Amino acid sequence: MNNSLYIVIVGCGRLGSHLADQLSRAGHSVVVIDKKEDTFNELSAAFSGFRVMGDATRMAVLKEAKLKQADVFFATTHEDNVNLMVAQVARKIFRVPQVLARVFDPKREQVYDRLGIETICPTSVAAEVFLMAVASGQSAGGQEAT
Amino acid sequence: MKVLIVGTGQTLYFLCRRFTAKGYEVVIINRNREECTQLARQLAATVVCGDAGDATILGEAGAMSTDVVLAITPNDQDNLVICQLASVQFGVPRAIALANDPDNFEIFEKLGVSAFSTTHIVGSLIEQQTSLEQIVNLLPVGEGRVNVTEIVLAAGSPVAGRCLKDIALPENALVAVVIRGGQPIVPRGTNQLLAGDRVVLITLPANHGRVLNLFTGEETWRSRG
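Residues numbered from 1 in each chain as written. Chains lettered and ligands numbered in written order. Predicted model: local features only at pLDDT ≥ 70, side-chain atom pairs only at ≥ 80, totals over all residues. Heavy atoms only, no water.

Colleague: Would you mind going over the overall build of chain A with me for this structure?
Modeller: Counting secondary structure elements, chain A contains five helices and six strands. Its helices and strands taken in sequence order, chain A reads β-α-β-β-α-β-α-β-α-β-α from the N to the C terminus. Once the C-alpha set of chain A is aligned to its principal axes, its extents read approximately 65 × 35 × 35 Å. Residues classed as buried in chain A amount to 46% of the 146 residues present. A fraction of 46% describes how many contacts in chain A between residues 6 or more apart in sequence connect residues 24 or more apart. (Helix = DSSP H or I, 4+ residues; strand = E, 2+ residues; numbered from the N terminus. Buried < 20%, exposed > 50% of the residue type's maximum accessible area, 1.4 Å probe, protein only. Contact = heavy atoms within 4.5 Å.)

Quick look at the structure:
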């Protein structure tokens, strides 16, 4: 496949393993990194990518995952600071073109926007969806009333 | 001076004790409630209990008016983020992170955060102390960027009997002082070095090995440059 990407994902929890499965199924080359070996059990049997066991805050582990060749890098561990550190290393040292980090704390998200690291904050995303639901509920209710 | 320290354990305690003794205003952030209570009892410092990676906690600890932030937790990722929050969000003029993993020293500096590695500092200290017999004292300063080394010139030293101006010192190295018979001499070019002199050298890690070779004649030196 021509548009197959080389994607590195740090963290093989619910989000990381889900992304890895989907992207692998879509034909991309995927490498998943996690500290704990048993988290790789979360991956489906169809997952055809690589698993790297190790602490991603160690340079050696990121090198093993061949980060230099990566097109896309996702940091999805449950620790904000791990995600922020590895995302910066991926972006600024390995020069990965697309880097995205999950950050739970919206305050940290703002600071890293200023440092040029793209983040996704599940709290902000969920809040937005809830607020939209409220807004559409209101307008739907408004229509009913008329 | 106001210093904000994030960390745990003995290093934190003894550093704070040293800083408060010097009259610095010290604020500690630590996650563990019990340790916080202990620290507050033992030290003349303000102790804030919480996660220093949380901007609210940093704000409560007075990050806005802090001169130096020192992040010395056992987790490198926390040290990095704490220093970045401190400098980006609170404009702290100087934030220094401990790199527990010595590889992270370089990474932190590349990401714009001042760092130090105790493994580097202690390691080079031990290597340098043990690899040359003529070295009597060695002190890394400037976070290990500069070495102050005291050596005793042996009779066989290539520079014994020579004038300072005739010794081809590499760039960025200096003979700071010569102690002869208990008398310190700040040497000029015309001063002669003699066997038995205690010579204090200023070097950088990059030229340290070469300078020591020059003064001691020992080739066993392994440069860590």
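Colleague: Honestly, the interface of chain B and chain A in this entry has me stumped. Any pointers?
Modeller: How big an interface is tends to be reported as the loss of accessible area on association of its parts. Listed by partner, the interface residues are 21 residues for chain B and 19 residues for chain A. Regarding the contact of chain B and chain A, the summed buried area is about 1700 Å², with carbon and sulfur atoms giving 60% of it. Run the count over chain B and chain A and you get three salt bridges. Between Arg-108 of chain A and Asp-51 of chain B there is a salt bridge; the shortest N-O distance is 3.5 Å. (Buried area = accessible area lost by both parts, 1.4 Å probe. Salt bridge = Lys/Arg side-chain N within 4 Å of Asp/Glu carboxyl O.)

Colleague: Where do I start with the domain arrangement of chain B in this structure?
Modeller: Domain annotation for chain B reports domain 1 (2-118) and domain 2 (128-216). Taking the mean C-alpha position of each, domain 1 of chain B and domain 2 of chain B sit 36 Å from one another. (Domains from an automatic or database assignment.)

Colleague: Which parts of the structure should I look at to understand the sheet that holds strand E5 (residues 94-98) of chain B?
Modeller: All names here are of chain B. Reading across the sheet, the six strands line up as E3-E2-E1-E4-E5-E6 and stay open at both edges, with parallel pairing between neighbours. At either margin of the open sheet sits one strand with a lone partner, and together these are strand E3 (46-49) and strand E6 (114-116). Direction aside, the axes of adjacent strands within the sheet are offset by 20° on average. For strand E2 (residues 25-30) and E3, the ladder comprises four bridges, and the chain directions are parallel. Residue pairing in the sheet places Asn-30 in a bridge with Cys-49 of E3. Sitting on the sheet, helix H2 (residues 33-42) is in contact with E2 and E3, with an inclination near 175° to E3. Here helix H4 (residues 76-90) sits on the sheet and contacts strand E1 (2-6), strand E4 (68-71) and E5; the angle it forms with E5, its principal contact strand, is near 175°. (Pairing = 2+ DSSP bridges. Axes fitted to C-alpha atoms, helices over the stretch in contact; angles between N-to-C directions.)

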